[in-house]
Structures are given as C-alpha cells and as structure tokens.
Amino acid sequence: MDKKLSIIGVPMDLGQNRRGVDMGPSAIRYAGVVERLEQLRLNIEDLGDIEISRPNPNNDQKVDNLRNLQEIAEGSLRLAEKVDEVVQQGSFPLVLGGDHSIAMGTFAGISKHYENLGVIWYDAHGDLNTGDSSPSGNIHGMPLAVSLGIGHEKLTNILGYTPKIKPENIVIVGARSLDEGEKELIKDKGIKVYTMHEVDKMGMPTVISETMDYLKNRTDGVHLSLDLDGLDPHEAPGVGTPVIGGLSYRESHLAMEMLSQSQMITSAEFVEVNPILDEKNKTAGMAVGLMGSLLGESLK
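Residues numbered from 1 in each chain as written. Predicted model: local features only at pLDDT ≥ 70, side-chain atom pairs only at ≥ 80, totals over all residues. Heavy atoms only, no water.

Where an unreviewed UniProt entry is consulted, the protein appears under the name Arginase, with the organism given as Halobacillus seohaensis. The Sequence similarities (unreviewed entry) field of the UniProt record for the protein holds the comment "Belongs to the arginase family." Recorded under Catalytic activity (unreviewed entry), the UniProt text for the protein is reproduced unchanged: "L-arginine + H2O = urea + L-ornithine". (UniProt positions renumbered as here; feature names shortened; annotations may be inferred.)

Trainee: Could you clarify how one ought to interpret the packing of helix H9 (residues 204–216) against helix H10 (residues 249–262) in this entry?
Mentor: How two helices sit against one another is set out by the angle between their axes and by the gap between those axes. As a packed pair, H9 and H10 sit with axes 10 Å apart at the nearest point and diverge in direction by 30°. Helix-helix and strand crossings are classified by hand; for H9 and H10 the assignment is right-handed. Between H9 and H10, the contacting residues are Met204, Pro205, Ile208, Ser209 and Met212 on the first element and Glu251, Leu254, Ala255, Met258, Leu259 and Ser262 on the second. Looking at the contact of H9 with H10, its residues break down into eight nonpolar, two polar and one charged. (Axes fitted to C-alpha atoms, helices over the stretch in contact; angles between N-to-C directions. Helix = DSSP H or I, 4+ residues; strand = E, 2+ residues; numbered from the N terminus. Left-handed = near helix turned anticlockwise from the far one by under 90°. Contact = heavy atoms within 4.5 Å. Nonpolar A, V, L, I, M, F, W, Y, C, P; charged D, E, K, R; others polar.)

Trainee: When you look at the sheet that holds strand E2 (residues 43–49) in this model, what are you seeing that I'm missing?
Mentor: Either a parallel or an antiparallel arrangement is found when strands of a sheet pair, and the pairing is made through backbone hydrogen bonds. The parallel open sheet is built from eight strands, whose spatial order is E2-E1-E5-E10-E9-E6-E7-E8. Of all the strands in the sheet, just E2 and strand E8 (192–195) have a single pairing partner and so form its edges. The average undirected angle you get between the axes of adjacent strands in this sheet is 15°. Packed on one face of the sheet, H9 meets strand E6 (117–122), strand E7 (170–175), E8 and strand E9 (221–227) and runs near 165° to E7. Each of strand E5 (92–97), E9 and strand E10 (265–271) is contacted by helix H11 (residues 282–294), which is oriented at about 175° to E10, the strand it contacts most. (Pairing = 2+ DSSP bridges.)

Trainee: Which parts of the structure should I look at to understand the packing of aromatic side chains?
Mentor: How two aromatic rings sit relative to each other is set out by the distance from centre to centre and by the angle between their planes. Throughout the structure, instances matching the rule amount to one aromatic pair. Measuring from ring centre to ring centre gives 6.2 Å for Phe107 and Trp121, while their planes differ by 20°; the resulting arrangement is stacked. Of this pair, Phe107 sits in helix H4 (residues 103–111) while Trp121 sits in strand E6, placing them 14 residues apart in sequence. On the basis of relative accessible area, Trp121 is assigned to the buried category, the value being 0%. The cationic tip of Lys164 hangs over the ring face of Tyr161; the distance from NZ or CZ to the ring centre is 4.7 Å. Cation over ring: Lys192 sits above Tyr214, and NZ or CZ is 5.2 Å from the ring centre. (Phe/Tyr/Trp six-rings, centres within 6.5 Å; stacked < 30°, edge-to-face > 60°. Buried < 20%, exposed > 50% of the residue type's maximum accessible area, 1.4 Å probe, protein only. Lys NZ or Arg CZ within 6 Å of the ring centre and 35° of its normal.)

Trainee: Sorry, what's going on with the packing of helix H3 (residues 69–88) against H4 here?
Mentor: Where H3 contacts H4, the axes come no closer than 7 Å and their chain directions differ by 35°. In this structure, H3 crosses over H4, and the sense of that crossing is right-handed. When H3 is examined against H4, the residues Ile72, Ser76, Leu79, Ala80, Val83, Asp84 and Val87 are found in contact with a partner set consisting of Met104, Gly105, Thr106, Ala108, Gly109 and Ile110. For the contact of H3 with H4, the per-class residue count stands at eight nonpolar, four polar and one charged.

Trainee: Honestly, unusual backbone geometry in this entry has me stumped. Any pointers?
Mentor: Leaving glycine out, the prevailing phi sign among residues is negative, and the prevailing peptide bond configuration is trans. The omega torsion across Gly97 and Gly98 is 15°, close enough to zero to call that bond cis. Note on placement: Gly98 falls in the loop between E5 and H4. A cis geometry characterises the amide bond from Thr162 onward to Pro163, with omega recorded as -5°. Phi is positive for Asp127, close to 50°, though the residue is something other than glycine.

Trainee: What should I look at first to understand helix H7 (residues 180–189) in this one?
Mentor: Along an α-helix, residues three or four apart share an orientation, since each turn contains 3.6 residues. For H7, every residue scored as buried is listed here: Glu182, Leu185 and Ile186. Along the long axis of H7, the arc covered by the buried residues comes to 100°, so they all point the same way. Exposed and facing more than 90 degrees away from the buried side of H7 are Glu180, Glu184, Lys187 and Asp188. On its buried face, H7 is in contact with helix H5 (143–147) and E8. (Arc of directions from axis to C-beta.)

Structural data, given as structure tokens:
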C-alpha cells in the first residue's frame, strides 16, 4: 500500500454541446473504479468532484468563438489547483472526465512539477483547434493547442504560466479525425502522430514501443490523456464524438499493460464517458478495465 493514488472527478460538459458527459465521473465510480484499483494494493483517496459552474442561459455563451469560456476557465483553474496539491503530496493523480477540455486544468497542475512533461494523447482527435480554426467553438477540441500556449489567454495562462508542454514531447495515438487547421499545426510543430493507418500497419506493440522509446530520454514524467472515443464506437458507444474505425478494447488493454510495465506514466486522465449514450454502462466499465491495466493489473 505504498503507492498513493488520488481520484479527482470533473463533471464538465461545457466544452461541447451534447449533454451527459458531466455524469462520466459518477458512471466510472458506479462501474467500480475504487474497488478495482483497491485490489492492486494502492493507497487510494477519492477526492470527489471539482465544482463546475453552470452558464447563465440568458447570456450569449460564445466569446471569440469559444463556447462557455468563463465557466471552463474557472473549472480548469479549480482542477489545476487540486492536481497541483495532489502532486505536491507525492500522489498519482487519476482524473475522471467529463469532456476533454479538462485536460487544460490537468496539464496546468502537473506540468509545473516537471522540466519536460511527456504526453501520450490517446484519442481519435487531435484537439489542436483554436477559436479561429474551430468550426464549432467547442473547447473540448482545443486543450492540446491551449497547453502548447496557443489560444485564448484565459485558457493558456491557467495557474499563471504558459506553455504547459512542448510539441516535441507529445505523441498522439489512434488519430482518425483531424481538421485542416490541426493537420497544419501538427506539421508546423513537428508533433509525432500515429494515426489508425499506422496502428493497423505496424500493430499496437510497435506503436507503443516506439512511443516509449521516443519519450524515454526526452521527458522526466509522462501524462496519459485517454479519450474513450479513441476506441471504436462499436465497442465503446458511450462517447459524445464517436468516429468509426477505432482502436479495439484488446489493443487498448495491451497498450495500457505495456505502459504499466514501462513505469513511465506519472499521471493519467480518462475522459468523454457519456452514460446517456452508453449501453448498460459498458463504456465506463471499459474505462475502469483500462485503468486497472495501466496501474498494474495482471493475469500473472
């Protein structure tokens, strides 16, 4: 029981326009995340949920083509402060979403403790949009760009510093839906990406081995940001922005097992579980299973 782990729920649904993902943390808890991880002899504390303010329905909620900017910035700051506190206490932060905009707060709280934080962005999307490039104004499509210091200052400057991460320390795994602006930014910044084409062609073991080799000597900590829409929606239906042709549950288990064995992962978040769109809490259960593999669950 020497490894400390702190669970932080973030019931955020303001980064997009489909309701239900704010219930993600509750669905993951209902699926037995605490009980599952307790079997790994972890010293677990569940810190409950971050408070998320609701926008005034009578106000126009778009500022510079950013929907719910103020409320998301406030929630991200609360999350950043809590994550910062957890890391200072020597505990592993495990953040439960909520939509992927919460990554801005997670990065802000973690990155200040590392010189070169590495990021594995396990997602169908790049989330590298800005207010100028986004067709929707949904901030859940922007957190990786924001963490690179690209975007509105209310988001890029959470906890008073920017950028949170460097482009050469990022690996995106499972991408299959990238906007034109995101493609340009990936090329311009030299961000390493394994699309589904590469995953299918090379196989998950090679992709994860190369990812670990790439990050190993250039980072002093690695954060895993796993969006459940990285998995194929036939297996994980409870997500807000499903894209067919995704990663399998078994491939994802293997990825988590390999990352666990590497002992490289120093923090993690699992996001975009939407129980309203799910089938009998299936997607939340998958999230819990993947967390178990990441944190040391083994058949041997």
